Amino acid sequence: MPEEGSGCSVRRRPYGCVLRAALVPLVAGLVICLVVCIQRFAQAQQQLPLESLGWDVAELQLNHTEMGSRHVVQAGLELLTSGPQQDPRLYWQGGPALGRSFLHGPELDKGQLRIHRDGIYMVHIQVTLAICSSTTASRHHPTTLAVGICSPASRSISLLRLSFHQGCTIASQRLTPLARGDTLCTNLTGTLLPSRNTDETFFGVQWVRP
């Protein structure tokens, strides 16, 4: 007498094989379609301008051609001139022609950064003094760096205030709310000039959230 179990197994085996044969290409096709869709979406996102994605960012370099302060060289040091005409503001420039510098969203107004979108921003800055050592830095003190909203006057406020003490480089960052139309100014008070090296002196913002 044939075994019932073996008879059922023989009859069901072809259906199982057919089911597996149909499912494998179906699942593979779905996976391929998913991968292709993800790649096309990523490419489309990359082609969109950063402004349309809400990523307002800026990375700026020092613009020495617009530096309002006159300077002299004394004993191998670049010094700011003193007097009522001295302008403590640092002037900035940005754009792809400068290399690692860019502006997407914010704009420059006479060397100062103007915000075009409300939100929470990460503000960062690094300034290195030119031809500086710990000895010269301490000898020409006080030298301070301040970042703040300078326009409109109704929103004028200090965001960062840093002192060089006995060092030649200071760097800092902070999260802060900024509004459309806010203009950020950076003031360097003291006698030493900032370094022209773009790896040593830079300034930027990045929109984080509304």
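In this convention, every chain numbers its residues from 1, walking through the sequence in written order. Residue-level local features of this predicted model are given only where pLDDT is at least 70; pairs of side-chain atoms are given and counted only at 80 or more, and the full residue set underlies all totals for whole chains, interfaces and linings. Note that the side-chain values use all heavy atoms of the structure and ignore hydrogens as well as water.

Description of the overall build of the protein
A count of helices and strands for the protein gives two helices and 13 strands. Only protein chains enter the calculation, and the probe is 1.4 Å; a residue is then buried if its accessible area is under 20% of its type maximum, exposed if over 50%, and partly exposed in between. By the burial criterion, 33% of the 210 residues in the protein qualify as buried. When checking whether two residues touch, look at their non-hydrogen atoms; a contact exists if any pair is within 4.5 Å. Across the protein, every contact between residues at least 6 apart in sequence was considered, and the portion connecting residues at least 24 apart equals 75%. We get accessible surface area from the Shrake-Rupley algorithm with a probe of 1.4 Å; when it comes to residues, only the shown protein chains can shield them. Summed over all atoms, the accessible surface of the protein reaches about 12800 Å², with 58% contributed by carbon and sulfur. The numbering of helices and of strands both runs from the N terminus, where a helix is a DSSP run of H or I of at least 4 residues and a strand a run of E of at least 2.

A few points about the state of the cysteines
Counting rule for disulfides: a pair of cysteine sulfur atoms within 2.5 Å. All chains considered together, the criterion is met by two disulfides. A disulfide bridge connects Cys 132 with Cys 168, and the sulfur atoms are separated by 2.1 Å. Every disulfide takes its handedness from the sign of the S-S torsion; for Cys 132 and Cys 168 that torsion is -75°, giving left-handed. Note that Cys 132 is positioned in the loop between strand S8 (119-128) and helix H2 (134-139) and Cys 168 in the loop between strand S10 (157-163) and strand S11 (169-178), a separation of 36 residues in sequence.

Considerations on a nonpolar patch on the surface
For patches, a residue must show more than 30% relative accessible area and have no salt bridge; joins then use 9 Å for like charges and 5 Å for nonpolar side chains, namely Val, Leu, Ile, Met, Phe, Trp and Tyr. Whenever a carboxyl oxygen of Asp or Glu lies within 4 Å of a side-chain nitrogen of Lys or Arg, that contact is scored as a salt bridge. Together, Leu 23, Leu 26, Val 27, Leu 30, Val 31 and Val 35 make up an exposed nonpolar region whose accessible area comes to about 530 Å². Looking at where Leu 23 falls in the secondary structure, it is placed in helix H1 (residues 4-47). Judged by relative accessible area, which is 42%, Leu 23 ranks as partly exposed.

Some remarks on the nonpolar core
Think of a nonpolar core as a cluster: buried Ala, Val, Leu, Ile, Met, Phe, Trp, Tyr and Cys residues, connected wherever their side-chain atoms sit within 4.5 Å. Ile 125, Leu 145, Leu 178, Phe 203 and Val 205 are the most contacted members of the largest nonpolar core, which totals 27 residues. Taken together, the elements giving at least two residues each to this core come down to strand S1 (57-62), S8, strand S9 (144-151), S10, S11, strand S12 (183-189) and strand S13 (202-209). Among the elements that take part in this core, S8 stands out by supplying four residues, more than any other. Setting aside anything within four residues of it in sequence, one finds Phe 203 in contact with Ala 58, Glu 59, Leu 60, Trp 92, Leu 113, Val 123, His 124, Ile 125, Val 147, Leu 184 and Thr 186.

With respect to the packing of aromatic side chains
For Phe, Tyr and Trp, where Trp contributes only its six-membered ring, two rings pair if their centres lie within 6.5 Å, and the inter-plane angle classes them as stacked under 30 degrees, edge-to-face over 60, or tilted in between. Evaluation of the coordinates by the stated rule reveals one aromatic pair. The rule for a charge over a ring is simple: NZ of Lys or CZ of Arg within 6 Å of the ring centre, and within 35 degrees of the ring normal. Looking at Arg 117, its charged tip hangs above the ring of Trp 207, at a distance of 4.0 Å from the centre.

Quick notes on the pattern of salt bridges
Overall, the coordinates contain five salt bridges when judged by the stated rule. Across the salt bridge formed by Arg 155 and Asp 182, the nearest N and O atoms sit 2.7 Å from each other. On the criterion of sequence distance, the pair formed by Arg 155 in the loop between S9 and S10 and Asp 182 in the loop between S11 and S12 is long-range, its members being 27 residues apart. Arg 155 sits in the partly exposed class, given a relative accessible area of 34%. Members of the salt-bridge network, linked through shared partners, are Glu 107, Asp 109 and Arg 114.

Some thoughts on the side chain of Asp 87
Mapping Asp 87 onto the fold places it in the loop between strand S3 (77-80) and strand S4 (92-93). N or O atoms closer than or at 3.5 Å make up a polar contact, with two conditions inside protein: a donor-capable atom paired with an acceptor-capable one, and, for residues adjacent in sequence, both atoms drawn from side chains. Here the side chain of Asp 87 touches Arg 89 through a polar contact of 3.1 Å, landing on its backbone nitrogen. Within polar-contact distance, the side chain of Asp 87 engages the side chain of Tyr 91 at 2.6 Å.

As far as function goes, none of this settles anything; it's purely spatial.
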